[in-house]
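Each chain, written out:
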Amino acid sequence: MKLPFLDLLRVTAESQTEVAAAIEKTLDSGQLILGPNVVAFEQEFAEALGAGHAIGVGSGTDAIEIALRSLGIGYGDEVVTQANTCPPTLAGILRTGASAVLCDATSSSGLMDPESLAGAITARTRAVVPVHLYGQCADVPAIRAVVGDREIVVVEDCAQAHLATFDGSAAGTMGDAAAWSFYPTKNLGAVGDAGAITTGDPAVAERAVAIRQYADFGRWPAGETGVNSRLDELQAAVLRIRLQRLPDWTQRRRAIAARYRTAFQGSVQPLAVDNRGRHVFHLFVVRSDDRDAVREELASRGIGTLVHYPLPLHRLAAFHGLVHAPVDLSASEGLCAEIISLPLYPQMRDAEVEAVITAVLSASP
Ligand SMILES: *Cc1c(COP(=O)(O)O)cnc(C)c1O
């Protein structure tokens, strides 16, 4: 059996007729940038989350930068995120001109550890970026409690958490703003790059709308520089179609995860699921102290696995001198050394799920 980590062709095939028709219609409309599909998608996405405003942008990385800048974050400020996230979280932060500071993750879940965050906050901290990693929401209320009444904003990195919730609140509605990616492999994926910002604050939304397009605040000269990061009409047209399928896809992800969790009892250790929230399983991550053996056994059966992510950010040469790591990061180090992401996507067939289980159990009985 050949079982790739993710078969994007199946994702494409599922809505191909509708998507092709929407693309043709958009081409015929002659409106390719910031037209009716972008406006409609922004509204439909905000409604799906219960967010006040959604602003389409070019990517998730851009969304992090623009969200932070819309909240006034820039040179001289410190922004704290967790050491075990992926490089784009950090890239988005650094592009604002702020300095990046790393705190640790909670070992059991991989989510931001509020206690570690407390140790990373200084007088210059102006923002915290918790990452709803793997599809599970960080404990934003606990993070807010650590921040207290200091002037520190919270920007959720929601790139892996479409339709996730925590304590009844949707991902993307708990912080001062949130950043979304619609990269093709995400739970809601475009057919190219795309992203969005959500916020409940109309003033922040207005700033994001300006910054995504050359900082066009309708006055000239502009008081600050902007970027060019617009969501285009073709991607928005595709996203509108796929957004309708997202609840079903999410349910299927959760069903596969439930099957895995039952089957792996006593074998590899899935990361903890917090029952206060709704995990949407962008990734299904397990721990093993013999990760390479498990990966090799699966590979020998044609089953693809990945590691998200192999190195904590302070270990990446590209970021040396650019990130500060003032606190102990041993939980992130431990996770990065032991985690494996197993195949899990809505179009996976039951027989494939069972094949993954059989392989994992034989590698790690
Ligand atoms: C994918 C991802 C990003 C970056 O999104 P792009 O659209 O690829 O720029 C940022 N943060 C996290 C956690 C991601 O998974």
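For the structure, check the block above.
Residues numbered from 1 in each chain as written. Predicted model: local features only at pLDDT ≥ 70, side-chain atom pairs only at ≥ 80, totals over all residues. Heavy atoms only, no water.

### Some words on the overall build of the protein
To be explicit about the condition: Helix and strand definitions follow DSSP, with helices as H or I runs of at least four residues and strands as E runs of at least two, each counted in order from the N terminus. A radius of gyration in this sense is built from C-alpha atoms; the matching globule rule multiplies 2.2 Å by the number of residues raised to 0.38. Each residue gets one of three labels from its accessible area relative to the maximum for its type: buried under 20%, exposed over 50%, partly exposed in between, using a 1.4 Å probe on protein chains only. Contacts are assigned to residue pairs with any non-hydrogen atoms lying within 4.5 Å of each other. In this tally, Lys and Arg are treated as positive and Asp and Glu as negative; His is ignored, and so are the chain termini. In this description, the location of a charge corresponds to atom NZ of lysine, CZ of arginine, CG of aspartate or CD of glutamate.
Regarding its fold elements, the protein presents 12 helices and 14 strands. Relative to its length of 365 residues, the protein is compact, with a C-alpha radius of gyration of 20 Å against a globular reference of 21 Å. Per-residue burial over the protein gives 56% buried out of 365 residues. Taking contacts inside the protein between residues at least 6 apart in sequence as the whole, the part at least 24 apart equals 73%. Each charge class in the protein was averaged separately, 30 positive and 42 negative side chains, and the resulting centres sit 3 Å apart.

### Looking at a nonpolar patch on the surface
Rules: Patch criteria: residues need more than 30% relative accessible area and no salt bridge. Like-charged residues are merged within 9 Å; nonpolar side chains of Val, Leu, Ile, Met, Phe, Trp and Tyr are merged within 5 Å. Under the convention used here, a 1.4 Å probe and the Shrake-Rupley method define accessible areas, while residue burial counts only the protein chains that appear. Salt bridges are defined as contacts in which a side-chain nitrogen from Lys or Arg sits within 4 Å of a carboxyl oxygen from Asp or Glu.
Taken together, the side chains of L27, L32 and I33 make up a nonpolar region of the molecular surface, amounting to roughly 270 Å² of accessible area. For L32, the position within the fold is in the loop between α2 (16–29) and α3 (36–49). L32 sits in the partly exposed class, given a relative accessible area of 42%.

### A short note on the site of the ligand
Rules: For this purpose, a residue is taken to be near a molecule or strand whenever a single non-hydrogen atom of the residue falls within 4 Å of it. Side-chain atoms alone can form a polar contact between residues adjacent in sequence; in general such a contact is a pair of N or O atoms within 3.5 Å, and within protein one must be able to donate a hydrogen while the other accepts it. Residue polarity follows a fixed list, in which Ala, Val, Leu, Ile, Met, Phe, Trp, Tyr, Cys and Pro are nonpolar, Asp, Glu, Lys and Arg are charged, and the others, Gly among them, are polar.
Taken together, S59, G60, T61, C86, P88, T89, V131, D157, A159, Q160, S181 and K186 are the residues near the ligand. Within the side chain of K186, one N or O atom sits 2.7 Å away from an oxygen atom of the ligand. Surface burial for the ligand is 90%, taken as the share of its 380 Å² of free accessible area covered by protein chains. Those elements that place two or more of their residues in the shell around the ligand are α4 (60–70) and α5 (87–94). For the shell around the ligand, the class distribution of residues is four nonpolar, six polar and two charged.

### Here's the deal with the pattern of salt bridges
Here the structure, examined in full by the defined rule, presents 21 salt bridges. For E65, the salt bridge goes to R95, with nearest N and O atoms at 2.6 Å. One end of the pair, E65, is in helix α4; the other, R95, is in the loop between α5 and β3 (99–103), and 30 residues separate them in sequence. On the basis of relative accessible area, R95 is assigned to the partly exposed category, the value being 42%. A salt bridge links E338 to R287, with the shortest nitrogen-to-oxygen separation between them at 3.0 Å. On the criterion of sequence distance, the pair formed by E338 in helix α11 (residues 330–338) and R287 in strand β12 (residues 284–287) is long-range, its members being 51 residues apart. On the accessibility criterion, E338 (25% relative accessible area) is partly exposed. On the accessibility criterion, R287 (17% relative accessible area) is buried.

### As for the nonpolar core
Soluble globular proteins tend to bury their nonpolar side chains together. Quick reminder of the rule: Here, nonpolar core means buried Ala, Val, Leu, Ile, Met, Phe, Trp, Tyr and Cys residues that are tied together by side-chain atoms lying within 4.5 Å of each other.
Counting residues in hydrophobic clusters, the biggest one holds 74 residues, and the most contacted among them are F41, F45, L117, W180 and F182. The residues contacting L117, other than those within four sequence positions of it, are V80, C103, M112, V128, I143 and V146. Among the nonpolar cores identified, the runner-up in size contains 24 residues, and I256, A263, V286 and A359 belong to it.

### Description of the side chain of Q82
Tracing the backbone shows Q82 in strand β2 (residues 78–82). Assessed through its relative accessible area of 0%, Q82 is described here as buried. The residues touching Q82, leaving out its near neighbours within four places in the chain, are L102, C103, G110, L111, M112, V129, P130, V131, L133 and L313.

### Considerations on the pairing of strand β4 (residues 125–129)
Spelled out, the test is: Strands are treated as partners if at least two bridges between them are detected by DSSP. Place the viewer so that the strands point away; then a crossover is right-handed whenever the path from the first strand over the helix to the second strand goes clockwise.
When you tally the buried positions in β4, you get four out of five residues, the bulk of the element. Pairing geometry for β2 and β4, over four bridges, is parallel. Within the sheet, the bridge partner assigned to V80 lies in β4 and is V128. Once you follow β4 into helix α7 (residues 140–147) and on to strand β5 (residues 153–157), the crossover reads as right-handed.

### With respect to the packing of aromatic side chains
Let me state the cut-off plainly: Two rings from Phe, Tyr or Trp (for Trp, the six-membered ring) form a pair when their centres are within 6.5 Å of each other. A pair whose planes differ by under 30 degrees is stacked, one over 60 is edge-to-face, and the rest are tilted.
If you walk through the whole model with that rule in mind, you get eight aromatic pairs. With 5.9 Å between their ring centres and 25° between their planes, F281 and F284 make a pair best called stacked. For the residue pair F281 and F284, the accessibility class agrees, reading buried in each case. Each member of the aromatic cluster is reached from another via a ring pair, and the members are F41, F45, W180 and F182.

On their own, these measurements won't tell you what the molecule is for.
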